[in-house]
Amino acid sequence: MRNPFKNTAYYIKEAKTIFKVDLSSNILSILSIGLIFFILTLILTGWLISNNIVEIIEKETEISIYYNEGLEKDSLDNLLTKIGNIQGIRDAKIVSEDESYDRMVDILGMEAKILNHFENNPFSSFIEVKIEMESLDHILNELEYFQDIDYIRDNRQVIDRLQGIISIIEVLGLILFLAIGICTMIIISHIIRQGIYNNRDEIYTLKLLGAPDGFIQLPFFMEGLFLTIIGGGIAGVLWFILIKLGYGNIYNLLPFMPLPHGDEFVWPVITFLTIFSTFVGIIGSRFGLKSIK
Amino acid sequence: MIKAEDVSLVYPDGTVGLKDVELHIEKGEFVYIIGPSGSGKTSFLKLLMGIEYPSSGSMQVLGQAIHKDEEKGIRNIRQQMGPVFQDFKLIRGRTALENVVLGMRFLNLPKAEIYFRAEEALQRVGLKHKKSSYVETLSWGQGQRVAIARAIARKPTMIIADEPTGNLDFDNAVNMLDLLTSLKEKDTTVIITTHATHLIDELDEGRILYVDNGNIDNLSREGAAL
């Protein structure tokens with residue numbers, strides 16, 4: 001029976017030989033791939049952090065509903081229940097006049113004394129509603145039919161801007177991700193083409209001896225794969241050092257920012273890098289071999 | 001084994017390689033193809049190996065048509081051949097043994113069998129002691145014998161040698177042809193091109209084909225001597 005792994009050692013040895021034939025160029029290629037992947041991991045890290053922040057901010061997205069002040073307690077409870085049942089609402093609670101006042105005191109801080117000029121509490125009670133950001137339009141449409149509501153402060157401008165930022169981050173991330181993926185594939189396929197050119201005499205001899213294309217191509221394929229995996233490894237090490245040394249400082253310097261802890265994205269990034277470098281290596285190598293044909 | 005019917009080969013630049021060739025070579029034959037340089041000997045070998053395709057006529061080698069659409073079939077023919085190229089086409093950076101082994105790696109043979117055959121072939125050409133030497137460190141003659149070892153280790157149906165006596169003096173050339181004769185197995189067809197017609201007198205065995213201006217004709221030994 002034919003052993004499909006009979007030539008594995010040969011393929012690995014050949015891949016090493018091909019690598020050595022153009023050693024300096026291949027080392028530079030590995031470094032280039034490593035740096036490209038490193039940039040990619042930075043983008044990925046930024047994307048994970050921004051996602052985390054957006055998620056936290058999204059949870060805090062709220063609208064304020066001012067209701068008819070003459071509303072009886074039962075009617076108010078009923079209104080609160082009905083609002084709470086609308087799809088896309090996380091939480092709804094009544095903020096009393098006093099609580100509104102206290103909050104403003106907290107916000108104004110040293111300037112809070114200005115409130116002493118009012119004889120009575122100038123703030124109204126309202127319903128504070130935490131919502132899912134993308135459900136804002138739906139919620140506002142539903143609330144239109146509620147007769148006891150006087151006014152809704154929907155923070156639309158802020159929410160729209162936030163959604164715009166999220167969209168930009170997503171699109172920019174995707175574009176950079178694609179650009180870097182394509183760059184790496186081009187580099188890999190070029191390296192393979194170069195390797196095939198450097199070994200053209202050997203390839204021709206093997207063809208004359210009747211070697212199948214797969215037998216001839218596999219060492220080049222493996223070389224491309226090794227280059228990207230090693231490049232991915234270099235990127236992983238650089239990124240890990242940066243996270244351990246640099247990110248910790250940023251994290252401590254910005255305690256008010258809801259940054260995730262560095263350890264939270266070590267495994268996602270390393271897993272992604274391993275899968276992505278293998279995938280790019282396979283696609284880039286296939287592309288390089290196909291373009292030679 | 002080899003059947004050419006009205007085969008012509010014209011290169012893209014208009015050079016005529018072969019003209020209306022009619023030829024049959026049977027299994028186990030020993031054939032010398034002689035003729036001056038540029039007469040069409042190499043063109044014929046290129047057709048045999050599927051490096052070139054007939055411009056007209058039909059050619060069959062080992063039952064397989066030589067045609068540009070028959071890539072798989074041509075690969076199959078090549079796997080059954082033991083070619084000894086004029087420039088040997090040994091792979092640099094590999095030892096003599098590795099070169100012989102490499103010629104068999106993609107054949108459906110167990111690894112142990114491949115190494116056994118490679119060592120045996122190197123022994124038959126008298127180079128077992130050089131098996132670990134890199135081919136670029138070998139002399140011209142040793143390189144040629146490694147190429148022969150690579151060809152015979154494959155136990156081919158057909159051995160093709162292109163000008164194996166090209167750079168050899170008379171004695172060494174005769175020895176080379178002797179070696180190829182002795183290495184021939186019973187059913188193996190051997191085709192050797194040479195422009196050194198004077199050497200053939202030294203050997204008893206073999207049919208002679210004379211190539212000139214792209215035409216191939218059978219030739220008697222007396223004719224070759226003349």
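Please read these numbers as outputs of a predicted model, since none were measured by experiment.

J.: Got a sec to walk through the sheet that holds strand β8 (residues 189-194) of chain B? Specific residues and values, please.
T.: Either a parallel or an antiparallel arrangement is found when strands of a sheet pair, and the pairing is made through backbone hydrogen bonds. Residues and elements named next belong to chain B. The strand order across the open sheet formed by 6 strands is β6-β7-β8-β3-β9-β10, and the pairing between neighbours is mixed. The sheet is open, and its two borders are formed by β6 (81-84) and β10 (215-219), each paired with just one other strand. Each strand of the sheet is rotated relative to its neighbour by a mean of 20°, with strand direction disregarded. Packing of helix α6 (residues 170-183) onto the sheet brings it into contact with β3 (30-34), β7 (158-162) and β8, and relative to β3 it is tilted by some 150°.

J.: Mind laying out the sheet that holds strand β1 (residues 62-67) of chain A, listing which residues take part and the relevant values?
T.: All names here are of chain A. The sheet built from 4 strands is open, its strands ordered β2-β3-β1-β4 with antiparallel pairing. Each edge of the open sheet is held by one strand with a lone partner, namely β2 (89-95) and β4 (149-153). With direction set aside, neighbouring strand axes in the sheet form an average angle of 20°. Examined bridge by bridge, β2 and strand β3 (residues 126-131) share 6 bridges and lie antiparallel to one another. The residue bridging Val95 from the neighbouring strand is Phe126, located in β3. The sheet strands contacting helix α2 (residues 23-60) are β1, β2 and β3, and the helix crosses β3 at an angle near 150°. Sheet strands in contact with helix α5 (residues 136-143) are β1, β2, β3 and β4, and its direction is about 10° off that of β1.

J.: Pulling in residues and values, what's your account of a nonpolar patch on the surface?
T.: Taken together, the side chains of Leu23, Ile27, Leu28 and Leu31 of chain A define a hydrophobic patch exposed on the protein surface, amounting to about 350 Å² of accessible area. Summarising the element assignment, Leu23 of chain A is placed in helix α2.

The rules behind each value
- Residues numbered from 1 in each chain as written.
- Chains lettered and ligands numbered in written order.
- Predicted model: local features only at pLDDT ≥ 70, side-chain atom pairs only at ≥ 80, totals over all residues.
- Heavy atoms only, no water.
- Pairing = 2+ DSSP bridges.
- Helix = DSSP H or I, 4+ residues; strand = E, 2+ residues; numbered from the N terminus.
- Axes fitted to C-alpha atoms, helices over the stretch in contact; angles between N-to-C directions.
- Contact = heavy atoms within 4.5 Å.
- Patch = residues over 30% accessible without salt bridge, like charges linked within 9 Å, V, L, I, M, F, W, Y side chains within 5 Å.
- Areas by Shrake-Rupley, 256 points an atom, 1.4 Å probe, with all protein chains shown as cover.
- Salt bridge = Lys/Arg side-chain N within 4 Å of Asp/Glu carboxyl O.

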